[in-house]
Amino acid sequence: MEVTVKQFVKEFKQQFQSMYAYSYEEGSNEQLYNALGLLVKNYISSYWKETREKYIKNSVKQVYYFSMEFLPGRQLRSNAYNLGLLDVVKEGLSELELSFDQLAEAEADPALGNGGLGRLASCFMDSLASLGMAGNGNGIRYQYGLFRQKFVDGYQVELPENWLRYRNVWETRNDKSTCMVRFGGNVWLEENHQGHLVPHYENTLNVLAVPYDTPMVGYRNDTVNNLRLWSAEIPVEEEANYHTIEETEPIKEITQVLYPDDSNYEGRLLRLKQEYFMVSAGVQSIIRHFRKYNVPRKNIPDKVAIHINDTHPALVVPELMRILIDEEHLSWEQAWEITFKTCSYTNHTILREALEKWPIDMMKELLPRIYMIIEEINNRFVENTLPLYGERITWQTAILQNGVVNMAHLAVIGSHSVNGVAKLHTDILMNDVLKDFFELYPERFNNKTNGITQRRWVHLANPELTKLIDEKIGENWKLTPSELKVFKGFEKDKDTLNKLTDVKLKNKKRLADYIKEVKGITVDPNALFDVQIKRLHAYKRQHLNLLHILHRYLEIKADPSADYVPRVFIFGAKAAPSYHYAKQIIKVINSLADLVNNDPDVGDKLKIVFFENYGVSLAEKIIPAADISEQISLASMEASGTSNMKLMANGALTLATLDGANIEIKDFVGEENLFVFGLSSKEVYELKANQSYQARELYESNPKLKNVLDALTSGTIPNLQDEGYALFDSLVNFNDEYFVLKDFASYVEAQNKVDDLYKDQNEWARKSLLNIASSAPFSADYTIQRYADDIWKVRSCVEEDEGVHLVDE
Ligand code: NBG
């Protein structure tokens, strides 16, 4: 969009004054940020309106991405950038002697998700808009995001994340589009005079769902899509029934907090309420649109695709059935045809504890009508499947099993498409986790490997690298990511490699300053920066990383002249508050950090930095400075991973097991340009099947490993309570569920190779360049294009010469 610096300066001053009634010179950073954000939102608003009108006028098919989590990150920079205004804004502010970077830091980072799942949803929103596709997000406006993590004495402490404290300039409360969501009470069906069975409700808890809309700005293509987050309120007409604050709690609490658990949702009533609340409001608002524009209901699948992001929104299936049958008076068969063709489902994990199951009693009591429908879906499913496939498969795939509602089964049965998020993961779904369904419906299964938006994770997070690429290959890669492969042509060009090394060093210096500022630790920017950033979970094996560091420490102590390349081990990870073992791992890493960072024998050879409160904004600071990307989950356990893609795109070399998307990274960049170690998923499956694994044997037979494990309990690491013992026990006495000890030797060997390569800076830079140049296939733009072509059947609504343009991969 066209705005001159002069115009911007004038409008910014006016905006500030109109909001605060004094001059911008007296404003705090938060106030200045708020004024700037609102001004940018003003610039967005006409495109937002026009995009919406265009979709309606052309009656285009729209995608609704239903997700309990979104992690958009700070939006000021990315909105200004996608609009093409970032330079104007920066220049205008500097004329006013204000720093854009400083104001941008004042924005709260909405932590409305746990990790990869929520961030993926936000990368997808960015790509949908940038591809000019009609894509809407549907989720919850949690009043408190994921907890803010602090370390006290090395222990994780959780504080509330009040991200709305200073208001949220991007959202628009949309009181015109509220809906009513009903819980509990009694329901019965009665025939009306047209002979339809209609439900009657009594004593329900009625909750008003209020939408807050946020613009999702496409990259230079005038497209602005909508992210709709719902908030729970008391219906105005029922306000008089509530006499005390306490009485209003059951309503308010529905959208108060995000469940702080990314793989293990305990069967809690409130969580189920949240899920239904989001689903019902979202489906109602979709159907309202059809009523308003009088679209024949049978055309719904041609006009909408509803995506179920993990099982959390799987109640979309019975909710859509409910509305079509109870309110639109379609027959069961008609309603089912529509529902099934409209819905699609992505699975994001194979962890059994994360595949949601709700007690039937709970479902019946909280959502009586929905339960009736689920029961009917299940009965019909069983009736159809039993004669064709027999007892075993039928009962293994039923929705209702042993007193619970199996949400993954509901999602698979009610969707025309089921996908995993990396090739290996999809294979595991087909051959193991959902194998019986694969027998029933092979045509539904497909893979969609995850992706990331290069706009946020390269263009904005790493401007120096972006400039270097522009300088060498021109700017086309920004609109056509596959062009990035042209950069490969520079792998032997001295000038490019030197500049690449310089860029990395600058980024590392910046991170080193930040480390000094927030952690008080001095690190050498020339050291190798080794990064593991992700949720803390035993399957992700931060403790394997820990054991290796401890091993290095012991070697350096035994021989201070040992030839190790100086390293900074960087961690960022939150543990679910109830996940005791994960918290113990955090404590041990923090205590080891205290020991190592202050040991004069060690000096710069080893430093450990565990950042507090890992999230999108911190990731943006860390990733451009990384040399090594730690992707060390037990093979078969990590569905895809996405930090692996971000780190690769920023030139880090991957140190990985053959898990999730690591395998595809290896295939694109070539095995010689990353470090692979450890068991393959096939070996993991075999080891589990033959039950031959004996962790204690490894402990007893490998002296180096024994040395390291003993150091957990010997008092070597200061200030531990029982955490060292807990780790030792799980690894040695409880037979090491995630085969940490089994992979230890090959991990150490791979780490030594990392050191060797780092000594040859030229060769390191060459491999780094090849990684960057091979990262385009992980652009979320391609991922979204594949979802659009294969699953949603939607197309771009912008001209081919506008915005992102995908030629091939
Ligand atoms: C996570 C997986 C990651 C994957 C993201 C996005 C959940 C339930 N799953 O491996 O653990 O990259 O989803 O697909 O958060």
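Up top is the structure.
Values in this document were obtained by computation on a predicted structure and should not be read as measured data.

*Asks:* I'm lost on the overall build of the protein in this one. Help?
*Replies:* A count of helical and extended segments in the protein gives 31 helices and 23 strands. With the C-alpha coordinates of the protein rotated into their principal frame, the extents come out at 90 × 70 × 55 Å. Across the 809 residues in the protein, those meeting the buried criterion constitute 63%. Restricting the contact set of the protein to residue pairs at least 6 apart, pairs at least 24 apart contribute 77%. Summing over all exposed atoms, the protein offers an accessible surface of approximately 31,000 Å²; the carbon and sulfur share of this is 48%.

*Asks:* It is not clear to me how the nonpolar core should be interpreted in this structure. Could you clarify?
*Replies:* One broad trend across soluble globular proteins is that nonpolar side chains are buried collectively. Judged by nonpolar contacts, the single largest core of 283 residues is most densely connected at F8, F12 and L315. No other element matches the 11 residues that helix 2 (residues 29-57) contributes to this core. Sequence-distant contacts of F12, that is, excluding residues within four places in its chain, are made with Y24, L32, A35, L36, L39, L93, L96 and L98.

*Asks:* I tried to follow unusual backbone geometry on my own but got confused; where do I start?
*Replies:* In most cases, non-glycine residues show a negative phi, while peptide bonds are predominantly trans. Of note, the phi angle at R167 is positive, near 70 degrees, even though the residue is not glycine. Topologically, R167 is positioned in the loop between strand 4 (155-161) and strand 5 (172-173). Owing to a relative accessible area of 45%, R167 belongs among the partly exposed residues under this scheme. Residue N719 is not a glycine yet carries a positive backbone phi of 60 degrees.

*Asks:* Explanation requested: the sheet that holds strand 20 (residues 606-611) in the structure shown.
*Replies:* Where strands meet in a sheet, backbone hydrogen bonds hold them as pairs that are either parallel or antiparallel. The 6 strands are arranged 20-19-18-21-22-23 in an open sheet whose pairing can be described as parallel. What marks the edges here is a single partner per strand, and that holds for strand 20 and strand 23 (675-676). In this fold helix 30 (residues 761-773) packs onto strand 18 (528-533), strand 21 (628-631), strand 22 (653-656) and strand 23, with an angle of close to 85 degrees to the strand it touches most, strand 22.

*Asks:* For this particular structure, what's the right way to read the packing of aromatic side chains?
*Replies:* Each aromatic ring pair is described using two quantities: the centre-to-centre distance and the angle formed by the ring planes. This model, assessed by the stated rule, comprises 21 aromatic pairs. On the numbers, 5.6 Å between centres and 90 degrees between planes, the contact of F668 with F778 is edge-to-face. On the criterion of sequence distance, the pair formed by F668 in helix 24 (residues 662-669) and F778 in the loop between helix 30 and helix 31 (780-792) is long-range, its members being 110 residues apart. For F668, a relative accessible area of 41% puts it in the partly exposed group. Taken together through their ring pairs, the aromatic side chains of Y65, F124, Y787 and W792 make up a single cluster.

*Asks:* How should the site of the ligand be read in this particular structure?
*Replies:* Neighbouring residues of the ligand: 13 residues in total, closest H348, N450, E638, S640 and G641. At 2.6 Å from an oxygen atom of the ligand is found a side-chain nitrogen or oxygen belonging to E638. Contact with the protein chains removes 94% of the 380 Å² of surface that the ligand exposes when unbound. When grouped by side-chain class, the residues that make up the shell around the ligand number 5 nonpolar, 5 polar and 3 charged.

*Asks:* Sorry if this is basic, but what is going on with the side chain of D781 here?
*Replies:* Secondary-structure assignment places D781 in helix 31. Note on D781: relative accessible area 2%, which makes it buried. With near-sequence residues (within four places) excluded, D781 lies in contact with S127, L131, R455, P481, V804 and L806.

Parameters at a glance
- Residues numbered from 1 in each chain as written.
- Predicted model: local features only at pLDDT ≥ 70, side-chain atom pairs only at ≥ 80, totals over all residues.
- Heavy atoms only, no water.
- Helix = DSSP H or I, 4+ residues; strand = E, 2+ residues; numbered from the N terminus.
- Buried < 20%, exposed > 50% of the residue type's maximum accessible area, 1.4 Å probe, protein only.
- Contact = heavy atoms within 4.5 Å.
- Areas by Shrake-Rupley, 256 points an atom, 1.4 Å probe, with all protein chains shown as cover.
- Core = buried A, V, L, I, M, F, W, Y, C linked by side-chain atoms within 4.5 Å.
- Pairing = 2+ DSSP bridges.
- Axes fitted to C-alpha atoms, helices over the stretch in contact; angles between N-to-C directions.
- Phe/Tyr/Trp six-rings, centres within 6.5 Å; stacked < 30°, edge-to-face > 60°.
- Near = heavy atom within 4 Å.
- Polar contact = N/O pair within 3.5 Å; in protein donor to acceptor, adjacent residues only side chain to side chain.
- Nonpolar A, V, L, I, M, F, W, Y, C, P; charged D, E, K, R; others polar.

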